[in-house]
Amino acid sequence: MKKLIIALVMAAMPMLGFAAGGKVQLNHADIDLTDQESLQRGARLFVNYCLNCHSAKYQRYNRMARDLGMTEDEVKENLMFATDKIGDTMNIAMPEAQAAKWFGTAPPDLSVITRARGSDWVYTYLTSFYIDEKRPFGVNNTVFPDVGMPHVMWKLQGFQKANFSGDEDHRVFEGFELVEPGEMSAEEFDAAMLDLTAFMTYVGDPIQVERHRIGVWVLIFIAIFFVLAYLLKKEYWKDVH
Ligand code: HEC
């Protein structure tokens, strides 16, 4: 129920984002939730770069192990830094009040963020930090103007500048320009952010892949049952006509 309420409240948020951000084209997140290796790479990025500030408190490590095709030991060794109990959820140690003081806003739990904002929004957000000296952390974001989050992946992406046309009040985003390269090329960084978005989309609805798989079997069952029912009907009625 709590999860539902959070999802509903957050579902209203994209509109607020758009209202504040003007029209920024979202890039399509072409993710594949059946690609376990992509999800594993995304999980690694998530625990290394996001889990210090954001929790995903509805996600259990052991469930993730099962869904992502990893053993519990692999998860314990590579993905668990905040706890040593495999049955724990992805919580963080940072107290919310402290975080709010540091960043202006407490970093929200990311369990259902892709359902609230959409995967395309999250993917575009992650690739859209740009240099803005006027902001406390020196960066801003085209899809989340005046965001309180620092550019935590600057080492990977480097720093980019955003080009705008128009005047201060009605500026139109034209594109990014990389001014300081990071460890990854632009293509590598985009691919990494797709993996991360895929992982967060999985976390938002962990049973989605299983549901589709079961759904296919249900349809096959219904199809076979239909044939049997039809043959039975014919058998029953054959003496009547
Ligand atoms: C240093 C702390 C910190 C780290 C690390 C961090 N974030 Fe954030 N993040 C924040 C804060 C603070 C906000 C709230 C920004 C605001 O509301 O202005 C935020 C906001 C967000 C939002 C927007 C939430 C909304 O309101 O819709 C998303 C999505 C997000 N972060 C994803 C990530 C991902 C993915 C990572 C890992 C790559 C990450 N963050 C790492 C501090 C952090």
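None of the values given here were measured: they were computed from a predicted structure.

(A) Structural context of the overall build of the chain. The number of helices and strands found in the chain is eleven helices and six strands. For 241 residues, the compact-globule estimate of 2.2 N^0.38 gives 18 Å, and the chain exceeds it by more than 25% at 23 Å. Projected onto the principal axes, the alpha-carbon positions of the chain cover approximately 85 × 50 × 35 Å. Buried residues in the chain amount to 37% of all 241 residues. Look at the contacts in the chain between residues 6 or more apart in sequence, and 66% of them connect residues 24 or more apart.

(B) Up close: the confidence of the model for the chain. When the pLDDT values of the chain are averaged, the result is 90; 90% of them are 70 or greater. Looking at the elements of the chain, mean pLDDT is at its lowest for helix 2 (residues 13-21), recorded as 47, and at its highest for helix 8 (residues 119-126), recorded as 98. Here residues 15-21 is a poorly scored stretch, pLDDT under 50, and it has five contacts once near neighbours within four places are set aside; other chains count.

(C) Just the nonpolar core, in detail. Formed by 44 residues in total, the largest nonpolar core has its most connected members in Phe46, Met64, Val75, Met90, Met193, Leu196 and Phe199. Elements that contribute at least two residues to this core include exactly helix 3 (36-49), helix 4 (61-67), helix 8 and helix 10 (186-204). With nine residues, the top contributor of residues to this core is helix 10. In this structure Met193 touches Leu45, Tyr123, Leu126, Thr127 and Met153, once residues within four positions along its chain are discounted.

(D) Fine view of the pattern of salt bridges. One pass over the structure, following the stated rule, counts six salt bridges. The partner of Arg63 in a salt bridge is Asp67, with the nearest N and O atoms 2.7 Å apart. You can see Arg63 and its partner Asp67 sitting in helix 4, four residues apart, about one turn around the helix. Overall, the relative accessible area of 23% leaves Arg63 in the partly exposed class. Take Asp67: its relative accessible area is 18%, and that puts it in the buried class. Arg135 serves as the salt-bridge partner of Asp146, at 3.9 Å between the closest nitrogen and oxygen. With Asp146 in the loop between strand 4 (139-141) and helix 9 (154-157) and Arg135 in the loop between strand 3 (129-131) and strand 4, the pair connects residues that are eleven residues apart, well separated along the chain.

(E) The arrangement of a nonpolar patch on the surface in detail. Judged by side-chain polarity, Val216, Trp217, Ile220, Ile224, Phe226, Val227, Leu228, Tyr230 and Leu231 come together as a nonpolar surface patch covering roughly 950 Å² of accessible area. By the element assignment, Leu231 lies in helix 11 (residues 208-237).

(F) Main features of the coordination of the iron atom of the ligand. His54 (NE2) and Met149 (SD) make up the full set of protein donors to the iron atom of the ligand, lying at 1.9 to 2.1 Å. Between the six donor atoms coordinating the iron atom of the ligand, the angles at the centre fall across 88 to 179 degrees, so the site counts as octahedral. Pair noted here: His54 is in the loop between helix 3 and strand 1 (56-60) and Met149 is in the loop between strand 4 and helix 9, with a separation of 95 residues, a long-range link. Residue Met149 is classed as buried on the basis of its relative accessible area of 17%.

(G) Structural context of the site of the ligand. Of all residues adjacent to the ligand, which total 23 residues, the nearest are Cys50, Cys53, His54, Arg117 and Met149. Between the ligand and His54, the relevant distance is 2.7 Å, taken from a nitrogen atom to a side-chain nitrogen or oxygen of the residue. For the shell around the ligand, the elements supplying multiple residues, two or more each, are helix 7 (113-117), helix 8 and helix 10. Of the residues contributing to the shell around the ligand, the split by class is 19 nonpolar, three polar and one charged.

(H) Just the pairing of strand 6 (residues 172-181), in detail. By the bridge criterion, eight bridges tie strand 5 (residues 158-165) to strand 6 in an arrangement that is antiparallel. Opposite Gln160, over in strand 6, you have Leu178 as the bridge partner. Counted along the chain from strand 5 to the antiparallel partner strand 6, the turn is six residues long, and its residue Gly166 has a positive phi close to 85 degrees.

(I) Region of the structure containing a negative patch on the surface. A contiguous patch of negative charge on the surface is contributed by Asp30, Asp32, Asp35 and Glu37. Position of Asp32 relative to the elements: it lies in the loop between helix 2 and helix 3.

Parameters and conventions
Residues numbered from 1 in each chain as written. Predicted model: local features only at pLDDT ≥ 70, side-chain atom pairs only at ≥ 80, totals over all residues. Heavy atoms only, no water. Helix = DSSP H or I, 4+ residues; strand = E, 2+ residues; numbered from the N terminus. Rg over C-alpha atoms; globule rule 2.2 N^0.38 Å. Buried < 20%, exposed > 50% of the residue type's maximum accessible area, 1.4 Å probe, protein only. Contact = heavy atoms within 4.5 Å. pLDDT = per-residue confidence, 0-100. Core = buried A, V, L, I, M, F, W, Y, C linked by side-chain atoms within 4.5 Å. Salt bridge = Lys/Arg side-chain N within 4 Å of Asp/Glu carboxyl O. Patch = residues over 30% accessible without salt bridge, like charges linked within 9 Å, V, L, I, M, F, W, Y side chains within 5 Å. Areas by Shrake-Rupley, 256 points an atom, 1.4 Å probe, with all protein chains shown as cover. Donors = N, O, S within 2.8 Å, 3.2 Å for Na, K, Ca; no water. Tetrahedral: all angles 85-135°; square planar, octahedral: opposite > 155°, others 65-115°. Near = heavy atom within 4 Å. Polar contact = N/O pair within 3.5 Å; in protein donor to acceptor, adjacent residues only side chain to side chain. Nonpolar A, V, L, I, M, F, W, Y, C, P; charged D, E, K, R; others polar. Pairing = 2+ DSSP bridges. Lys, Arg positive; Asp, Glu negative; His and termini not counted. Charge placed at Lys NZ, Arg CZ, Asp CG, Glu CD.

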